[in-house]
Amino acid sequence: MIASVRAGLRAAASQPKLPLLVWGWYALLALVPILPVFSAWNAVLGPSTEAQKILRRFDISVYADLVQDSAASAMGSPLRGLIAALAVAAISSAFVFGGTVEVLGRGGEPGPFLQRFFSGGGRYFGRFLRLALVAAASALLAAGAVSAAVAGALSPLGGSEWEPARYLAAALTAAAALATAGLFLLALDYARIQVARDGSRGMLKAYLGGLGFTLRNLASVFGVAIAFALMLAALALAYLAYEANTPAAGSWGAIAALSIVMQAIVFGRVFLRVAMVGAERHLDLARRPAARPAPAGPSPGPTSPA
Amino acid sequence: MRRIAAAMILALPGVLAALPAAADPLPAVSDRVVQYHIRAALDTASRQITGTETLTWRNPSAADAVSELQFHLYLNAFKNTRTTFMRESGGRMRGASAGADSWGWIDVTSIRTAAGADLKPSLAFIQPDDGNPDDQTVARVVLPEPVSPGRSVTLEISFTSQLPRVFARTGYEGDFYLAGQWFPKLGVYEPAGMRGRAASGWNCHQYHAESEFYADYGTFTVEITVPSNFVVGATGARTSERRHANGTTTHVFEQADVHDFAWTADPDYLVVKETFSAERDVTPAEYERTAKLLGRTPDEVRLSDVEITVLLQPDHRPQARRHIEAAKAGLKWYGLWYGRYPYKTLTVVDPAPGASGAGGMEYPTFITAGTLWLFNRWPFDRIRMLEEVTIHEFGHQFWYALVGNNEFEEAWLDEGLNTWSTAKAMLATYGRGRSAVEFLGFTMDDEEALRVRNSPEARYNRILAAAWDYTPSSEYGFYAYEKPALALATLEGYLGEQAMARLMRTYHERWRFKHPRSEDFFALVDEMTGRDWSWYFDQVVRGTDAVDYDVGSASSVLVKRGRGVFDGPGGRTTVSAADAAKADAEAERTGKGVYRTVVVVRRSGGVRLPVEVAFKFEGKPVERQAWDGRATFRKFVFERPEKLEWVDVDPDRRIALDANWLNNGRRLRADSRPAASWTARWLFVIQHLITAVGLM
């Protein structure tokens, strides 16, 4: 497991363009809803003398005034933009994952990086999208069923006079739901990795294969996931420490520094995810060394037969 | 409404600061209209309290003989779904819901005069507010003979109170009991003239969802018998304790000069006691500063020691200190500002888990706070909800218990004054900018929080309304709490800190142990300032409109050179288009010339208040001009060599009632930093959302 984590981190570090590209794509998507927000806010805050307060610290009354201000509250389109961006992100995740496994899988081979990424994205897009739908539905159903069962079993704790028991019950229910959803989503990762290795076409069978692999190697699969979750938590803590100990971003320099830190955090998160895919791929190779390799070369199209 | 000179009002702080402080010594005792001696026993199996009550009432009128008495029987609010309380609340209050088939009621089983006359046959339920025949929260009895002015009548009452599962202030949850509004309590007999009444009569309202209480001052001696393993806390001081052979203990509490009595019992309470020391908990500098602010001697503002008892849930043990410190902060600041807390005890109750409906409530010398286990440790311990609730409920000792306004008819007089006072006490204790929350870099103070719900759309209700008349009823919170607090902050903006402090001190002193109404407060403002403030209170307290001043437009442009033929002292000159264009271009290049500055300041809200408008021209100090704020707009025009940098209406933000401060000022050179700073954060949040989905 530790070898896989190391291998994943090495793989991501050896392909720095990969997390950079993924970060850039999602940053671009995020700009779609945020640019109208900036425009609307700047129209109100820019000329306002009161807005200077927020250069010193966040002031909730200024925020309340901003939200109710007629000019700034016309943010329906940014909200629609956010929903659209989330939809595009969800769909494009199949493409991004395809590109990621392709680049990680053929990292040592010659050829331009972008060609490899787009070739992988295109080749697996349709299959990964179908896999994602199957996994999402399964995860949702399973997490719902498990959380209902756990909440039912723990209901005496919820009514306990010992107050922490109520939090414990809620935390255990949430943890059970998260672990279940995590299991089904990790199975999605391994199913996609195996599809990329084996060139499978039947997505339900592929997903069951991923699920089977996950269940057979539960400790290692969750071990890898937990290792990356811990690294992500460390990243979040580092950010919170920065936020808690840095004065409000009042000058352009401070705003730029804050933006850089934030983008570094988002990039770090993308990097860790890419590394995790690398680690999962390494684990799959280690546990299924005899699997049939996928055909090499450029894809004729996402829906063409292998 | 009287037309006023804006400049005179805006200059008031300077004038008022020179006014001598009115010296109203604190009254030592109340009029003591009622005397209650109650003997109550709690049966934990049936959740019932059986009691007997010896009640003596003195007719406070100078002229009326009174032939009937009216009582609050408030536990009947929880009797069924058709009571006025349940109809108005739908069985839900402040996030808590009524338990299924857990009803509360109170039965008067016997009521006789001391002479033995049975009044029970005359007992009848009345519904003075809404005529709801299903509501039994007010009852009257007819006396065998009228009580003459100044004379007393004594009744012997037996009653049984069934406590509901707690969801609205009173009841039980597990072994936790909070008994509020649990005994037959007299209403207030108001002789003609009292609180503006045209005719004498009882003031005894039904129990409403969005209302609290009103009763007369007197003395209470209450004997409470509970199982011996229960810890008991109550209004007043515990004067004795008697253990019985049957495993119960009787706790005796006594308190004079209060108008209600509540108690709690729970075997699990952790008892934390500490004395508020007038010597140690208030510094000499604080006494001196307050005395100077109020224009009194340090002896006049000297406080007295108080025994604080916190009845804490064991799971909240790490928060004991916070409760004590908050109670001490209340005792200190309210005591310094308004007058010494006159009672010897203060009990702070932390309700049991599941009994949050009993939290955040005030009774004389006895308050309920409320917290969560989650807030035991960092970083959640920096969310000062418990401090705010404790200080607020303690503050009601001044605005409700000591100054006993009618909470049904004029809730703003206690909730509004207390919300304003709470914010000041929180700021004084925990610091400006961070008094309410200091959580992982996010900070907020109580004054900022007060403004959050104010908006130009908040203009359909008035502050001065019966508590159950706010529509929708959820507006009660804003119009009884926040808006009055903002109105007082605005008044302070006009009067200045010192004059406001003296006004509030005098109001408290003059009305301690009495029942003022809004007009009494308004009259005192007029009296102390020597001016008629009806223009203010008519709009802000009696009126509905919102306050919103803004800058409609602001421009500052170079005046173009005139073209054509001009007659002047030196004779006739002709300026050609080419010469003028050249001069204009030069002026544009150097920035030197005459700027025509036009600023339009608008009154977008309906409320007309005098304001100041500040102008900042490049290289010049800030200039201020007064505007009476009556017209819908005012245009300011300047022609001078300096360009305008910014203009600001109400630059000192004295008008806390202004629904939107963002539009108060206009910079001619926009600054994108505020929007960039906040947008960067939102981009970060949205990126995480998108990345979470995209990296699935």
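What you see is a predicted model; the values in this text were computed from it and never measured.

**Observations concerning the overall build of chain A**
Looking only at helices and strands, chain A has 10 helices and 0 strands in total. Along chain A, from the amino end to the carboxyl end, the secondary structure elements read α-α-α-α-α-α-α-α-α-α. For the C-alpha atoms alone, the extent of chain A along its principal axes is close to 70 × 60 × 35 Å. Out of the 306 residues in chain A, the part that is buried amounts to 47%.

**What to know about a nonpolar patch on the surface**
Together, Trp25(A), Leu28(A), Leu31(A), Leu35(A) and Val88(A) give the surface a local cluster of nonpolar side chains, amounting to about 420 Å² of exposed area. It is helix α2 (residues 17–45) of chain A that provides the largest number of residues to the nonpolar patch, a total of 4 residues.

**A look at the sheet that holds strand β16 (residues 231–234) of chain B**
Residues and elements named next belong to chain B. The 4 strands are arranged β10-β11-β19-β16 in an open sheet whose pairing can be described as antiparallel. Both outer strands of the open sheet, β10 (171–173) and β16, are each paired with one neighbouring strand and no more. For this sheet, the mean angle separating the axes of adjacent strands, direction not counted, is 10°. Here 3 bridges tie β10 to strand β11 (residues 176–179), and the two strands are oriented antiparallel to one another. Paired with glycine 171 across the strands is leucine 178, a residue of β11.

**Looking at the domain arrangement of chain B**
Residues and elements named next belong to chain B. By domain assignment, chain B separates into domain 1 (31–267), domain 2 (268–397), domain 3 (403–544) and domain 4 (549–674). Taken over C-alpha atoms, the centre of domain 2 sits 21 Å from the centre of domain 3. Contacts between the two partners involve 33 residues from domain 2 and, on the opposite side, 34 residues from domain 3. Roughly 2700 Å² is buried in total at the junction of domain 2 and domain 3, and carbon and sulfur atoms are behind 54% of that figure. For the domain 2 face of the interface with domain 3, the top three residues by lost area are Leu293, Tyr338 and Arg384, together amounting to 26%. Across the contact surface, domain 2 and domain 3 share 3 salt bridges.

**Concerning the nonpolar core**
Residues Trp57(B), Trp182(B), Trp263(B), Phe521(B) and Tyr536(B) are the most contacted members of the largest nonpolar core, which totals 181 residues. Contacts of Trp182(B), omitting those with residues within four sequence positions, involve Ile38(B), Ala40(B), Ile49(B), Leu75(B), Ile106(B), Phe159(B), Ser161(B), Val222(B), Phe261(B), Ala262(B) and Trp263(B). Counting 68 residues, the second largest nonpolar core, distinct from the first, contains Leu29(A), Ala191(A), Val277(A) and Ala279(A).

**Overview of the pairing of strand β17 (residues 237–243) of chain B**
The side chains of a regular strand alternate, first on one face of the sheet and then on the other. All names here are of chain B. Across 6 bridges, the pairing between β17 and strand β18 (residues 248–258) is antiparallel. Its bridge partner being in β18, arginine 238 is matched across the sheet by phenylalanine 253. Connecting β17 to the antiparallel partner β18 that follows it, the hairpin turn spans 4 residues, and glycine 247 within it adopts a positive phi of roughly 85°.

**Description of the pattern of salt bridges**
All names here are of chain B. Enumeration over the complete set of coordinates arrives at 58 salt bridges over all chains. Between glutamate 212 and arginine 169 there is a salt bridge, with the nearest N and O atoms lying 3.5 Å from each other. Here arginine 169 lies in the loop between β9 (152–162) and β10 and glutamate 212 lies in the loop between β14 (201–203) and β15 (218–227), a separation of 43 residues in the sequence. Take glutamate 212 and arginine 169: they sit in the same class, and that class is buried. A salt bridge links glutamate 447 to arginine 432; the shortest N-O distance between them is 2.9 Å. You can see glutamate 447 sitting in helix α8 (residues 446–451) and its partner arginine 432 sitting in the loop between α7 (412–430) and β25 (437–439), a full 15 residues away along the chain.

**Describing the interface of chain B and chain A**
Taken together, the 62 residues of chain B in the interface contact 67 residues of chain A. Of the charged contacts, one joins Glu448(B) and Arg57(A) as a salt bridge, the two residues approaching to 2.5 Å between their closest N and O atoms. Between chain B and chain A we count 24 residue pairs in polar contact (both at pLDDT 80 or more) in total. Taken together, the elements giving at least two residues each to the side of chain B that touches chain A come down to β26 (442–444), α8, β34 (644–649), β35 (665–667) and α14 (673–694) of chain B. A per-element tally of the side of chain B that touches chain A places α14(B) first, with 21 residues.

Quick notes on the rules
Residues numbered from 1 in each chain as written. Chains lettered and ligands numbered in written order. Predicted model: local features only at pLDDT ≥ 70, side-chain atom pairs only at ≥ 80, totals over all residues. Heavy atoms only, no water. Helix = DSSP H or I, 4+ residues; strand = E, 2+ residues; numbered from the N terminus. Buried < 20%, exposed > 50% of the residue type's maximum accessible area, 1.4 Å probe, protein only. Patch = residues over 30% accessible without salt bridge, like charges linked within 9 Å, V, L, I, M, F, W, Y side chains within 5 Å. Areas by Shrake-Rupley, 256 points an atom, 1.4 Å probe, with all protein chains shown as cover. Salt bridge = Lys/Arg side-chain N within 4 Å of Asp/Glu carboxyl O. Pairing = 2+ DSSP bridges. Axes fitted to C-alpha atoms, helices over the stretch in contact; angles between N-to-C directions. Domains from an automatic or database assignment. Contact = heavy atoms within 4.5 Å. Buried area = accessible area lost by both parts, 1.4 Å probe. Core = buried A, V, L, I, M, F, W, Y, C linked by side-chain atoms within 4.5 Å. Polar contact = N/O pair within 3.5 Å; in protein donor to acceptor, adjacent residues only side chain to side chain.

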